[in-house]
Each structure stands twice: as C-alpha cells, then as structure tokens.
Amino acid sequence: MIVRTIRIVLPLVLLAGLGALGWSWLQAARAPDFADVAYGRTSPSQHLDIYVPHGAGPFPVVLFAHGGAFAFGDKRGMGSGLRNAVTAFNAAGIALVSIDYRLSGEAKFLAAVQDMKSALRFVRANAAEYRIDPARVALWGQSAGANIALVTGMSPGVALFNDPAAIAPGADDHVSAVVSMYGPTDFLAMDAQLGVAGCGASAQTHNAADSPESRYLGAHITTIPATVARANPLAYASAATPPLLLQHGTADCIVPPLQSRILADRVNAVAPGRAVLQFREGAVHADSAFDAPANLAIMTTFLRQAFAGAGHAK
C-alpha cells in the first residue's frame, strides 16, 4: 500500500515542483524519429522533425506548419495538439513532418511559403531514407500556418515560391491534399468580416500598419494590394486545386469563419466538391476541439480518402 501511494504521489510532487516546465513535458509529443533535419541553406529556421510509424513503410506523410501570427511559434510548440496528432497519424499509418520556417521578424513574404515548398521538396526527394511514400504527401496548417500551407499546396509550379538555396529544388511540389484549421485566406477582407460576425472593434485590427499581416508582408497591407493578393490562397483556386479540408470555429474573433467560407466557395466554383468546409459550433480561434482525437480522426479519414485517390500527387 505504501509503495503504491509513493508511485502515485511522487510523480505529482515532482510535477508540481517543475511547474509549467513539467506540464509542458507531459503535454509534449514523443521524440522525433529524425530531429532537426535541415531542408534549406538560407537560415537556421529551415529545419524539420519527422515522426514515422513503426514498420517498413513506405508511409503517406503530412507536413505541418504551426501557427503564431507569422511571428512566433516553433515545430514542437503545439503541446498536446502535436502529441495527439503524432499519436493519431502514426496509428493510422501516416508519417508527420513538423517544420520550422522563417518568421516575419527574420524574413518577409515570400520566405515562409518558399520554406514550406522547400520542406515539401526535401521530403519527397529523400522519401526512401525516411520510409515515406513520395506519391502521397499532404499539407496541414493552423492559423498563420494554414495560410502558408494553403498557398504552398495550391500553387504547384509557381516559380515565385522557388528558393534557389533549397537543398532539393528540383523535386515536384504537387500535393495530395491540404488541411486548413482556422486559416486566413483574404487579408484585406478580415476586418469587415469580423464586424459582420459581431466581433468588437478591438478585434478588427488586421488592416493596421502594425498588424501581423502587415508585418508578414513588410508593409501596411492596405497600401500593397498586389502583394496581398499573392499571399491569399484565393488567388490560386483552379481546377487543379488538390482536395481541401477547411475547418473553422463559429466563434472565432481573430480569423473570421467567413475566411474559410469564401475559399471553399471559390474553389468549388471551379472544381465542384474539391473543398470540404466544416464549422465547429462555438469554437474560438485555436480551440482545443481542433486538436482533440475526435477531430483528428475526421482529418485522418479525409487524408486516407485523398491518398487513395492520389490524383494530385506526382
């Protein structure tokens, strides 16, 4: 009885002593199978982690771009969300690659999209080494990372996003699918849409000169509409758009849910049924509901269907 009590109480005492650090450790995903792998030569930010299922493979893969207003975050900073994703995808026989990319304080657009393109090409070019199937590659992002993933996945062959310093610049950049969770798709429409959604004036700051979007693009977004258009996934909708899963919370007052609606409508107008739109009733921005096992199961089903078709993977 004494031994059993010690086994229960001692970890709790140690965790309490460690405080936030201990809680972060508990929430963390398992160690990557391949950690801090360089995919570019331009910046120390151009590294990725690879989590591979047990077995010989080759396995389909999802590349993940974290959120953080284009200005902060890292490939292991998702806490329990990353842990849940690694667990769910690996159990389903899907590898997960989590990438770091150049943030707005280091480099402006086009850098982040170039980085995800470079990471995609690196993984495909080195797929055999990591037990990955190069014909089944998908992208996933949350918030700012969703914008980056959407632009990356919807712009195959667009030379604007090629990084000459990439390690594998010649690899193909087509993908099987893209998953966007509460991602911005039209920067200049966000404030008006927040107003329509009933969000307060304090939330309607995306058009400001110091907004995350202005910092990301390197200038006040209201003064550079052409650059804004290049950073909006809306601009890349076409009959060749890969399958999209767009998820958003109805109570999001940071990125309005209409951002996902307008992209779904644009894509489905030229490629009927290509974009799947799902709203989470009452969910706020970065709500834990998106990282919950039940939602990851929905995402896994979508990915399996996209990988089975593999019509857009090369």
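I will try to describe carefully the structure that is included in this document. (Residues numbered from 1 in each chain as written. Predicted model: local features only at pLDDT ≥ 70, side-chain atom pairs only at ≥ 80, totals over all residues. Heavy atoms only, no water.)

What to know about the nonpolar core
Heads up, the condition is: For this analysis, a nonpolar core means a set of buried residues of the types Ala, Val, Leu, Ile, Met, Phe, Trp, Tyr and Cys, connected via side-chain atoms within 4.5 Å. Under the scheme applied here, a residue whose accessible area is under 20% of the maximum for its type counts as buried, over 50% as exposed, and between as partly exposed, the area being computed with a 1.4 Å probe on protein chains only. Helical segments are the DSSP runs of H or I of at least four residues, strand segments are the runs of E of at least two, and each set is numbered from the N terminus. Here a residue-residue contact requires only that any non-hydrogen atoms of the pair lie within 4.5 Å.
Leu48, Leu63, Phe187, Tyr216, Leu217 and Leu244 are the most contacted members of the largest nonpolar core, which has 55 residues in total. In terms of residue count, helix 4 (residues 111-125) provides more of this core than any other element does, 7 residues in total. Those residues in contact with Leu48, other than ones at most four positions away along the chain, are Phe34, Ala35, Asp36, Val37, Tyr39, Lys75, Val97, Ser98, Ile99, Ala119, Phe122 and Val123. Core analysis: the next-biggest nonpolar cluster, separate from the first, contains 26 residues, Leu82, Phe89, Trp140 and Val179 among them.

Points about the state of the cysteines
As a reminder of what qualifies: Whenever a pair of cysteine sulfur atoms sits within 2.5 Å, that pair is classed as a disulfide.
By the definition in use, this model includes 1 disulfide. Shown here is the disulfide that connects Cys199 with Cys253, its sulfur atoms set 2.0 Å apart. Handedness here is read from the sign of the S-S torsion; for Cys199 and Cys253, about -80°, the answer is left-handed. In this pair, Cys199 is assigned in the loop between helix 6 (190-196) and helix 7 (212-217) and Cys253 in the loop between strand 7 (244-249) and helix 9 (258-270), connecting sequence segments 54 residues apart. Look at Cys199 and you get buried, because its relative accessible area is 6%. By relative accessible area, Cys253 is classed as partly exposed at 36%.

Things to note about the packing of helix 4 against helix 5 (residues 144-153)
For clarity, the cut-off: Between N-to-C directions, angles cover 0 to 180 degrees, with each direction set by a line fitted to C-alpha atoms, over the stretch in contact for helices. Here is the rule for handedness: rotate from the far helix to the near one, and if that takes an anticlockwise turn smaller than a right angle the crossing is left-handed, while a clockwise turn gives right-handed. Amino acid classes used here: Ala, Val, Leu, Ile, Met, Phe, Trp, Tyr, Cys and Pro are nonpolar; Asp, Glu, Lys and Arg are charged; the rest, including Gly, are polar.
It is the contact of helix 4 with helix 5, at a shortest axis distance of 9 Å, that shows an interaxial angle of 65°. In this structure, helix 4 meets helix 5 at a crossing whose hand is right-handed. On helix 5, the residues that touch Ala112, Val113, Met116 and Lys117 of helix 4 are Ile148, Ala149, Val151 and Thr152. Here the contact of helix 4 with helix 5 is built from residues that sort into 6 nonpolar, 1 polar and 1 charged.

Any link to function would need more than the numbers given here.
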